[in-house]
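Descriptive structure summary
Spelled out, the chains give:
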Amino acid sequence: MPYLAGRNAVLEALKAGRRVRRVLVDETEREANTIRAVLHEAAMWSVAVERVPRGRLDSLHRRHQGVAAEVAPFAYAPYHGLLDAVRSSGEQALVLVLDALQDPQNLGS
């Protein structure tokens, strides 16, 4: 199962209202503002929250910041479908191609 890790990544996924199946929070984590926001959004979307040992989060991602989310697999668009959409958009089409990102959750990288 794929996971998102980090407070902001999980919070933004929850705010988007999709893909998040459950949220894992370090059982020793004090509820900082960002953690409270994650818990609030999870409750709003009826997403299960589990308090887990830090070692469990460490095994999922080295920079989890005390929170991770189990998410549905990303649905990639087939290349030909994307190409057809770009062609039908004419000159207004905008295509961004990214290669070898270190952290695909962070478009800014």
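A few points on the structure. The structure presented is a predicted model; accordingly, all values stated were derived computationally and were not measured. (Residues numbered from 1 in each chain as written. Predicted model: local features only at pLDDT ≥ 70, side-chain atom pairs only at ≥ 80, totals over all residues. Heavy atoms only, no water.)

1. Here we look at the sheet that holds strand β4 (residues 67–71)
Taken in spatial order, the 4 strands make up an open sheet running β1-β4-β2-β3, and their pairing is mixed. Across the chains shown, the open sheet's two edge strands, defined by having one partner strand only, are β1 (3–5) and β3 (48–52). Adjacent strand axes in the sheet meet at a mean angle of 25 degrees, parallel and antiparallel pairs treated alike. Relative to β3, strand β2 (residues 20–26) is paired through 5 bridges, and the arrangement is parallel. Across the sheet, D26 pairs through a bridge with V52, a residue of β3. Sheet strands in contact with helix α2 (residues 33–44) are β2, β3 and β4, and its direction is about 150 degrees off that of β2. (Pairing = 2+ DSSP bridges. Helix = DSSP H or I, 4+ residues; strand = E, 2+ residues; numbered from the N terminus. Axes fitted to C-alpha atoms, helices over the stretch in contact; angles between N-to-C directions. Contact = heavy atoms within 4.5 Å.)

2. Some details on the environment of V38
Looking at the secondary structure, you find V38 in helix α2. Residue classification places V38 among the buried residues on the basis of a relative accessible area of 1%. A sequence separation of 27 residues divides V38 from L11, and the C-alpha atoms of the two residues are 5.1 Å apart. (Buried < 20%, exposed > 50% of the residue type's maximum accessible area, 1.4 Å probe, protein only.)

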